[in-house]
Amino acid sequence: MNSLIDKYNIPGPRYTSYPTVPYWDESTFSPEKWKSSVIKSFNESNSAEGISIYIHLPFCEALCTFCACHKRITKQHSVEIPYLESVLKEWMLYLKLFSEKPKLKELHLGGGTPTFFSPQNLKTLLQGIFDTVEIADHPEFSFEGHPNNTTREHLQTLFDLGFRRASFGVQDYDPKVQKAINRIQPFEKVKEVTELAREIGYTGISHDLVFGLPHQHWDAMEYTIRKTLELKPDRLAFYSYAHVPWVKGVGQRGFDENDLPSGEEKRRLYEDGKKLLQDLGYIEVGMDHFSLEHDDLYQSLIHKKLHRNFMGYTSSNTQLMVGLGMSSISDSWYAFAQNVKTVEEYQKIVETNEIPVVKGHILNEEDLSIRRHILNLMCQLETTFENKFAIPEIENAFEMLKEMERDELVEINHNQIKITEKGRAFTRNVAMVFDLRMLRNKPETRIFSMTI
């Protein structure tokens with residue numbers, strides 16, 4: 001396995017979309033085309049499956065230096081109400097596009113730090129949305145919480161509004177690592193908020209762990225995993241740290257690159273961490289994700305209903321996802337659109353009664369076909385081409401996969417590709433073979449994190 005990781009550990013996308021953001025063709029995109037795609041998608045899917053909403057709440061009180069998200073660092077909580085008012089105004093602009101009341105299937109609060117906002121302000125925001133929609137059967141409402149500032153009131157307020165899933169960012173319990181990434185967070189705080197959530201009635205608790213952080217080594221990683229397993233979260237994300245300090249605003253300059261684990265040490269963190277999680281009862285569901293058997297994510301996997309979008313892996317497969325808030329990305333299936341990336345510009349544009357998109361991509365027929373196959377590979381670990389000769393490069397892709405087949409990462413049967421158990425760690429590499437946008441225009445500089 002070591003030689004395979006050396007061979008395939010190259011920069012590559014995470015494929016929460018296809019085309020990936022660096023390959024969006026903005027020359028064919030316009031806000032009007034985006035709105036038309038939203039209307040089309042809504043009319044096709046709302047009455048059946050409903051829609052998803054992602055709300056980006058960007059504020060944090062402190063900068064975590066491993067974070068590559070769009071955020072705003074401030075301790076001034078006076079920013080809360082004006083921002084949430086803008087989010088509601090943006091939602092009202094989308095409502096004008098819909099021919100009937102939206103059926104809300106999935107809602108996620110991401111950040112930033114959603115629990116930066118007071119429980120009352122979150123309630124005002126969510127009630128403002130819920131008053132305009134029909135709640136679907138068995139909705140999936142979730143939020144990301146910082147263990148240090150998620151209170152009983154936060155948990156109870158969101159539970160009363162229908163939230164049953166909470167995700168807590170743990171990252172690592174080693175004090176030296178926590179200091180390097182500016183995320184001081186004792187196990188006792190995570191234990192307290194996890195047990196409190198269960199006591200209130202949450203049925204889906206997820207913890208995020210990250211390997212490859214500065215000063216990380218296996219003994220500390222093993223300790224973090226075993227401490228996490230004391231709390232038995234229903235899901236676990238085991239992310240590879242994405243070192244992208246060249247991206248503006250990520251803040252990944254709080255430590256020396258020499259403090260990062262070597263390639264060999266990071267490889268051990270991944271391999272031994274994955275094995276330990278599996279030995280302790282967790283099942284690998286999708287790339288970076290593990291769950292216990294009872295969890296919806298695993299059930300979606302075995303029933304081939306697992307889905308992946310800009311929120312990551314999800315058990316809810318909706319065609320239309322509306323992203324609200326600064327820097328949010330929306331997905332109509334036929335198009336992507338991203339909002340402007342600063343709070344001030346976002347609020348200014350919303351005040352003019354315009355949806356605040358800054359860029360996007362309209363998918364052509366080839367994009368739609370490739371998107372479906374990459375999604376199949378990322379979620380089901382297999383896909384079948386009805387006619388692999390329809391696009392010349394697809395036949396070439398099958399040729400490129402033959403080396404992966406020799407390495408026992410995939411099985412090829414005529415027009416079908418299956419990722420093997422051994423190949424799971426290389427799912428991104430398999431998907432890259434079909435990334436025609438990237439193959440036709442290979443980047444001259446590094447724009448993606450490493451695949452392992």
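The coordinates are above.
Residues numbered from 1 in each chain as written. Predicted model: local features only at pLDDT ≥ 70, side-chain atom pairs only at ≥ 80, totals over all residues. Heavy atoms only, no water.

Asks: I keep staring at unusual backbone geometry and nothing clicks. Help me out?
Replies: Most peptide bonds adopt trans geometry, and most residues besides glycine take a negative phi value. Put simply, Tyr-18 and Pro-19 share a cis peptide bond, and its omega is -5°. Non-glycine residue Asn-182 carries a positive phi angle of around 55°. Within the fold, Asn-182 resides in the loop between helix H6 (175-180) and helix H7 (187-200). Among the residues examined, Asn-182 registers a relative accessible area of 38% and is labelled partly exposed. (Helix = DSSP H or I, 4+ residues; strand = E, 2+ residues; numbered from the N terminus. Buried < 20%, exposed > 50% of the residue type's maximum accessible area, 1.4 Å probe, protein only.)

Asks: How should the pairing of strand E7 (residues 204-211) be read in this particular structure?
Replies: In terms of burial, E7 is largely enclosed, as 8 of its 8 residues are buried. In this structure, strand E6 (residues 165-171) lies alongside E7, joined through 6 bridges in parallel fashion. If you follow Phe-168 over to E7, its bridge partner there is His-207. Crossover E7 to strand E8 (residues 235-240) through helix H8 (residues 218-231) is right-handed. (Pairing = 2+ DSSP bridges. Right-handed = clockwise from strand over helix to strand, strands pointing away.)

Asks: Before we go on, may I ask you to explain the pairing of strand E5 (residues 134-145) in this structure?
Replies: Regular strands show a simple pattern: their side chains alternate between the two faces of the sheet. Of the strand pairs in this sheet, strand E4 (residues 103-111) and E5 are connected by 6 bridges, and their pairing is parallel. Residue Leu-107 lies in a different strand from E5, and its bridge partner there is Phe-141. In the classification by handedness, the crossover that spans E4, the intervening helix H4 (residues 119-130) and the parallel E5 is right-handed. Pairing of E5 with E6 involves 4 bridges; the strand directions are parallel. Opposite Gly-145, over in E6, you have Phe-168 as the bridge partner.

Asks: Which parts of the structure should I look at to understand the pattern of salt bridges?
Replies: Any two side chains of opposite charge can pair, given that their charged atoms come close. Under the criterion given, the structure shown has 28 salt bridges. Across the pair Glu-351 and Lys-89 runs a salt bridge whose closest N-O atoms are separated by 2.4 Å. Of this pair, Glu-351 sits in helix H11 (residues 343-351) while Lys-89 sits in helix H3 (residues 80-95), and the two are 262 residues apart along the sequence. Exposure remark for Glu-351: the relative accessible area of 48% places this residue in the partly exposed category. Of the residues examined, Lys-89 reaches a relative accessible area of 36% and is grouped as partly exposed. (Salt bridge = Lys/Arg side-chain N within 4 Å of Asp/Glu carboxyl O.)

Asks: Explain the side chain of Glu-80 to me, please; I cannot follow it from the model alone.
Replies: Within the secondary structure, Glu-80 sits in helix H3. With no salt bridge to any partner, buried Glu-80 finds its closest opposite charge in Lys-75, at an N-O distance of 13 Å. One polar contact links Glu-80 to His-77, side chain to side chain, over a distance of 2.7 Å. Reaching out from Glu-80, the side chain makes a polar contact with the backbone nitrogen of Ser-118 at a distance of 2.9 Å. Beyond its immediate sequence surroundings of up to four residues, Glu-80 is in contact with Phe-116, Phe-117, Ser-118 and Asn-121. (Lys, Arg positive; Asp, Glu negative; His and termini not counted. Polar contact = N/O pair within 3.5 Å; in protein donor to acceptor, adjacent residues only side chain to side chain. Contact = heavy atoms within 4.5 Å.)

Asks: What is the right way to read the sheet that holds strand E19 (residues 416-419) from this model?
Replies: Strand pairing in a sheet is mediated by backbone hydrogen bonds. Such pairs are either parallel or antiparallel. Pairing in this open sheet of 3 strands is antiparallel, and the strands run E17-E19-E18 from one edge to the other. In this open sheet, the two strands that pair with only one neighbour each are strand E17 (382-384) and strand E18 (410-413). Going from strand to strand, the sheet's axes swing by 10° on average, the running direction of each strand aside. Pairing of E17 with E19, which is carried by 3 bridges, proceeds in the antiparallel orientation. Following the sheet pairing, Thr-383 is matched in E19 by Ile-417. Contacts between helix H12 (residues 365-380) and the sheet are confined to E17 and E19, with E17 contributing the most and set at about 150° to the helix. Helix-sheet contacts for helix H13 (residues 392-406) involve E18 and E19, and the interaxial angle to E18 is about 130°. (Axes fitted to C-alpha atoms, helices over the stretch in contact; angles between N-to-C directions.)

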